[in-house]
2 protein chains.
Amino acid sequence: MKLSTRITDLFGIKYPIIQAGMAGSTTPELVATVSNSGSLGTIGAGYFNPEKLEQEITRVQALTDLPFAVNLFVPSEKLYIPEKIEHMNAWLRPYRRAFNLEEPVLNISEEQVFNKAIDIVIDKGVKIVSFTFGIPNQAVIKKLKAHNIIIIGTATSVEEAIANESANMDVVIAQGSEAGGHRGSFTRTSNNQMPLVGTMSLVPQIVDNVNIPVIAAGGIMDGRGLVAGLVLGAQAVQMGTGFLTTEESAATELYKNAIKQSLETDTVVTNVFSGKPARGIDNEFIHNMEGYNDDIPDYPIQNQLTNAIRKAAAKEGNAQWTHLWSGQSPRLAQRLSAALLIEKVVKEAENILQQ
Amino acid sequence: MKLSTRITDLFGIKYPIIQAGMAGSTTPELVATVSNSGSLGTIGAGYFNPEKLEQEITRVQALTDLPFAVNLFVPSEKLYIPEKIEHMNAWLRPYRRAFNLEEPVLNISEEQVFNKAIDIVIDKGVKIVSFTFGIPNQAVIKKLKAHNIIIIGTATSVEEAIANESANMDVVIAQGSEAGGHRGSFTRTSNNQMPLVGTMSLVPQIVDNVNIPVIAAGGIMDGRGLVAGLVLGAQAVQMGTGFLTTEESAATELYKNAIKQSLETDTVVTNVFSGKPARGIDNEFIHNMEGYNDDIPDYPIQNQLTNAIRKAAAKEGNAQWTHLWSGQSPRLAQRLSAALLIEKVVKEAENILQQ
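Each value, and the rule that gives it
Residues numbered from 1 in each chain as written. Chains lettered and ligands numbered in written order. Predicted model: local features only at pLDDT ≥ 70, side-chain atom pairs only at ≥ 80, totals over all residues. Heavy atoms only, no water. Helix = DSSP H or I, 4+ residues; strand = E, 2+ residues; numbered from the N terminus. Rg over C-alpha atoms; globule rule 2.2 N^0.38 Å. Buried < 20%, exposed > 50% of the residue type's maximum accessible area, 1.4 Å probe, protein only. Contact = heavy atoms within 4.5 Å. Areas by Shrake-Rupley, 256 points an atom, 1.4 Å probe, with all protein chains shown as cover. Lys, Arg positive; Asp, Glu negative; His and termini not counted. Charge placed at Lys NZ, Arg CZ, Asp CG, Glu CD. Phe/Tyr/Trp six-rings, centres within 6.5 Å; stacked < 30°, edge-to-face > 60°. Lys NZ or Arg CZ within 6 Å of the ring centre and 35° of its normal. Axes fitted to C-alpha atoms, helices over the stretch in contact; angles between N-to-C directions. Parallel < 35°, antiparallel > 145°, perpendicular 65-115°, else oblique. Left-handed = near helix turned anticlockwise from the far one by under 90°. Pairing = 2+ DSSP bridges. Least-squares fit on C-alpha atoms with pLDDT ≥ 70 in both. Expected span 1.5 Å × (residues − 1). Buried area = accessible area lost by both parts, 1.4 Å probe. Salt bridge = Lys/Arg side-chain N within 4 Å of Asp/Glu carboxyl O. Polar contact = N/O pair within 3.5 Å; in protein donor to acceptor, adjacent residues only side chain to side chain. Nonpolar A, V, L, I, M, F, W, Y, C, P; charged D, E, K, R; others polar. Core = buried A, V, L, I, M, F, W, Y, C linked by side-chain atoms within 4.5 Å.

Looking at an unreviewed UniProt entry, chain A carries the name Probable nitronate monooxygenase, with the source organism given as Staphylococcus succinus.

Here it is, written out as structure tokens:
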């Protein structure tokens, strides 16, 4: 078994390691360092406006000539119900008061921002684009393919992986339940739940049911996880939490330390921060929200309603009122530069392969 | 990397494959076939009375001279609250009526049965004993060790693995969230939940925190899973659902077919059948119980209250009113003899290792 795979050939990278597009936590330095280290850096553009996206791509391109990806959130159906937003604003008032914050003005024109982002990645000559929260429409897919852009989808079940392949995605990420941050799920299970299948189960079952290359994600933090992912049939692995604690990540010290100090059992999957289910370290904000007797507004509404509160809390060193996305392997987290992390992971993997 | 490990040496087996002690679903033929095929068969004795345990061990010993294990359930704290039992009996009345069943006479003398089982495994010369639902007291552990019996504990978190090592267990099973059947958990997380950590995350974090050999469990059904488990640092893997659909298993055709026809997203973790959380295929009995507005009686009370109903339902081909324990990899299930399954898994593993 080798570290050169269908994915390393397709992406033109040296190692089968993808840095997850962690919206809010990537920096041009992180993305460029990962790509310059022989892996695939990803700009987490899920929350960017067009100007910010253009700036970040320009900055990354100034720092590396090697391939990198841009991760975008696919706009999803959402309910805009003024009463429910008012109800949530009332609930959030004490948090806002604590930081002297105003109620935010909502901007939920996801569709326009998304379409503009597609034009930008094409104009800027980005080679690889990955998607979370669903599959873009065929017009978008055809447009990207017409410019020879490699497109990567995200799946949390075999059904979602097959849907990605049918939609002409070039590659699919198999996101296991261990993964930190937002669940990429866009279907429901037979009992109307969100798919939550462990990486060990999800990867081989997806590999057996699609012909496009699969990227294993969820709980992978070191060389053991990298080789295990390849053994299960993946052509590369994606690491999120692993890169979140590196020097180049945009995560605050508070956030990085919270991960380093947490246990594998400390995370929960919750939609209270953004309106979409995501795995993060359990804290007071999540607990308090258990007492909220109404639906949580859909993404991106809830995300915008809580955003300033989370930023202010993080700024003031309050880990209890901000999101702390993390996968289930925090004990494996390293405080290194992204370059040293990749070097370490590759060395561990090569040692395993030589045994 | 080789298939001979610390565990194969310790247990005196050829391949690092353990057949899980699936209470209610193992047969002497399954256990002996697995052991005769170079792996470790396990008698699922969790529900046995002393007579039945003695018979099964005798039968297995007649079928193989090779090592096999006996899996026992460690007696746990339970509340016996007559009102709650009456309440549950009232709820179960329609199910009992459908099959003309009487209310069962409860026998919750777990402690006596467990201590008798310890004497039996010693008298019968069993070489390996594994435990689920906790750690036996030191008197039991010392007694088994005095007879040179290898003892295996079960952990669903690093904390539980360390507790097993501290209690002098020789080996610990790392049970990932993908695993089918009962959760071995005996602690709660910081947010008072049951640990539910994916195999990809759990195994390396346990391996890094104990010195005793670790057995990886959860979602492992083929050679890919076997090698992945070893790559993550385990010295062997345990397969449950994989052996449940073999010819020698005691599972009914209804049960085996339900697994073969299910999806990776069809299972839920529920305590409605036995009083302890277990992963199984979602069905009508579980759905109906969602309407039950009281606590589910503790194990083994609930297990005894629902047992005859589940048996009768299974007998009449009703998959909706019986438990259908399964892990999250049902698409990988095979309908083979246990010997052919092991041969297939080992061949796949050897092919991966030769790549």
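More follows now that the structure is in view.
Caption draft 1: Structural detail: the overall build of chain A. From N to C terminus, chain A includes 14 helices and 11 strands. Its C-alpha radius of gyration of 19 Å places chain A within 12% of the 20 Å reference for a compact globule of 355 residues. The principal-axis extents of the C-alpha atoms in chain A amount to approximately 55 × 45 × 45 Å. Across the 355 residues that make up chain A, the buried fraction comes to 62%. Summarising the internal contacts of chain A: among those between residues at least 6 apart in sequence, 68% fall at separations of at least 24. Accessible surface computed for chain A: about 13300 Å², of which carbon and sulfur atoms make up 49%. Side chains of chain A carry 30 positive and 37 negative charges; the gap between the two charge centres is 3 Å.

Caption draft 2: Structural detail: the packing of aromatic side chains. For the coordinates displayed, the defined rule picks out 22 aromatic pairs over all chains. Ring geometry for Tyr 95 of chain A versus Phe 285 of chain A: centroids 5.1 Å apart, planes at 55 degrees, classification tilted. With Tyr 95 of chain A in helix 4 (residues 82–98) and Phe 285 of chain A in helix 12 (residues 284–289), this residue pair connects regions lying 190 residues apart in the sequence. Phe 285 of chain A carries the same exposure label as Tyr 95 of chain A, and that label is buried. Relative to Trp 321 of chain B, the ring of Tyr 95 of chain B lies with its centre 4.6 Å away and its plane at 70 degrees, an arrangement referred to as edge-to-face. Of this pair, Tyr 95 of chain B sits in helix 4 (residues 82–98) while Trp 321 of chain B is found in the loop between helix 13 (301–315) and helix 14 (338–354), placing the two residues 226 residues apart along the sequence. Using a relative accessible area of 6% as the deciding quantity, one classes Tyr 95 of chain B as buried. Exposure remark for Trp 321 of chain B: the relative accessible area of 18% places this residue in the buried category. A connected cluster of aromatic rings, assembled from ring pairs, spans Tyr 95, Phe 99, Phe 273, Phe 285, Trp 321 and Trp 325 of chain A. One Lys or Arg, Lys 276 of chain A, reaches over the ring of Phe 133 of chain A and ends 4.5 Å from the middle of that ring.

Caption draft 3: Spotlight on the packing of helix 3 (residues 50–63) of chain B against helix 5 (residues 110–123) of chain B. Residues and elements named next belong to chain B. Direction vectors running N to C along helix 3 and helix 5 enclose 25 degrees, while the axes themselves pass 9 Å from each other. If you check the angle between helix 3 and helix 5, you find them roughly parallel. Considering only the axes of helix 3 and helix 5, their crossing is right-handed. Contact residues: Pro 50, Leu 53, Glu 54 and Ile 57 in helix 3; Val 113, Lys 116, Ala 117, Ile 120 and Val 121 in helix 5.

Caption draft 4: Focus on the pairing of strand 11 (residues 278–281) of chain A. Residue and element names in this part refer to chain A. Relative to strand 11, strand 7 (residues 181–182) runs antiparallel, the two being bridged by 2 bridges. Counted as the bridge partner of Gly 181 is Arg 279 from strand 11. The sheet contact formed by strand 10 (residues 267–270) and strand 11 spans 4 bridges and is antiparallel. Counted as the bridge partner of Thr 270 is Ala 278 from strand 11.

Caption draft 5: Region of interest: the sheet that holds strand 8 (residues 214–217) of chain B. Residues and elements named next belong to chain B. Strand order in this open sheet of 8 strands is 1-9-8-6-5-4-3-2, and the pairing throughout is parallel. Strand pairing shows two members of the sheet lacking a second neighbour, strand 1 (17–19) and strand 2 (41–44), which therefore form its edges. Ignoring which end each strand starts from, the neighbouring axes of this sheet average 30 degrees apart. Judged from the 4 bridges that link them, strand 6 (residues 171–175) and strand 8 form a sheet pairing that is parallel.

Caption draft 6: View of the relation of the copies chain A and chain B. Each copy superposes on the other: chain A lies on chain B with an RMSD of 0.0 Å after a rotation of 180 degrees and an axial shift of 0.0 Å. Here the symmetry operator amounts to a two-fold rotation axis. Relative to the rotation axis, the closest C-alpha in chain A is found at Ala 228 of chain A, a distance of 2.2 Å. When the interface residues of chain A are mapped onto chain B, 100% of them again lie at the interface, so the same face is used by both copies.

Caption draft 7: Structural view of helix 5 of chain B. All names here are of chain B. A rise of 1.5 Å per residue sets the reference length of helix 5, with its 14 residues, at 20 Å; its end C-alpha atoms lie 20 Å apart and thus fit the reference within 8%. For helix 5, the full list of buried residues reads Glu 110, Phe 114, Ala 117, Ile 118, Ile 120, Val 121 and Ile 122. Considering only its buried residues, helix 5 is in contact with helix 3, strand 3 (68–73), strand 4 (128–132) and helix 6 (138–146).

Caption draft 8: Representation of the sheet that holds strand 1 (residues 17–19) of chain A in the model. Residue and element names in this part refer to chain A. Spatially, 1-9-8-6-5-4-3-2 is the arrangement adopted by the 8 strands of the open sheet, whose pairing is parallel. Edge positions in the open sheet fall to strand 1 and strand 2 (41–44), since each of these has one partner strand only. Pairwise comparison of adjacent strand axes, ignoring direction, gives a mean angle of 30 degrees for this sheet. Against the sheet, helix 3 (residues 50–63) engages strand 2 and strand 3 (68–73), with an angle of about 165 degrees to strand 3.

Caption draft 9: Seen up close, the interface of chain A and chain B. Taken together, the contact pairs 44 residues of chain A with 44 residues of chain B. Buried surface at the junction of chain A and chain B, both sides included, amounts to about 3400 Å², of which 56% is carbon and sulfur. The three residues of chain A that bury the most area against chain B are Met 200, Gln 205 and Arg 224 of chain A, which together make up 20% of that side's buried surface. Taken together, the links from chain A to chain B amount to 2 salt bridges. Across the salt bridge formed by Arg 224 of chain A and Asp 208 of chain B, the nearest N and O atoms sit 2.8 Å from each other. Joining chain A to chain B, the criterion identifies 22 residue pairs in polar contact (both at pLDDT 80 or more). Among the secondary structure elements, those contributing two or more residues to the side of chain A that touches chain B are helix 7 (158–166), helix 8 (199–207) and helix 9 (223–231) of chain A.

Caption draft 10: Structural context of the packing of helix 5 of chain B against helix 6 of chain B. Residues and elements named next belong to chain B. Between helix 5 and helix 6, the shortest axis-to-axis distance is 10 Å and the interhelical angle comes to 10 degrees. As judged from the angle between their axes, helix 5 and helix 6 are roughly parallel. Touching Phe 114, Asn 115, Ile 118, Asp 119, Val 121 and Ile 122 of helix 5 are Val 140, Lys 143 and Leu 144, all from helix 6. Residue composition of the contact of helix 5 with helix 6, grouped by class: 6 nonpolar, 1 polar and 2 charged.

Caption draft 11: Representation of the nonpolar core within the structure. Ranked by size, the top nonpolar core spans 142 residues in total, and within it Ile 17, Ile 206 and Phe 243 of chain A together with Ile 17, Ile 206 and Phe 243 of chain B carry the most contacts. Residues within four places of Ile 206 of chain A in sequence aside, it is in contact with Ala 155, Ser 157, Val 158, Ala 161, Val 172, Ala 174 and Val 214 of chain A.

Caption draft 12: Here's a closer look at the environment of Leu 336 of chain B. Residues and elements named next belong to chain B. Within the element layout of this structure, Leu 336 appears in the loop between helix 13 and helix 14. By relative accessible area, which is 21% here, Leu 336 ends up partly exposed. Setting aside its immediate chain neighbours within four residues, Leu 336 contacts Thr 245, Thr 246, Glu 247, Glu 248, Leu 341 and Lys 344.

Caption draft 13: Geometry of helix 5 (residues 110–123) of chain A. On its buried side, helix 5 of chain A packs onto helix 3, strand 3, strand 4 (128–132) and helix 6 (138–146) of chain A. Trailing helix 5 of chain A by a residue or two, Gly 125 of chain A shows a phi angle of about 75 degrees, which is positive.

Caption draft 14: Seen up close, the pattern of salt bridges. A complete count under the given rule lists 28 salt bridges over all chains for this structure. Here Glu 253 of chain B ties to Arg 335 of chain B by a salt bridge, and the two come within 2.7 Å at their closest N and O atoms. Of this pair, Glu 253 of chain B sits in helix 11 (residues 253–260) while Arg 335 of chain B sits in the loop between helix 13 and helix 14; the two residues are 82 residues apart in sequence, bridging distant segments of the chain. One network of salt bridges, with partners in common, ties together Lys 84, Asp 294 and Asp 295 of chain A.

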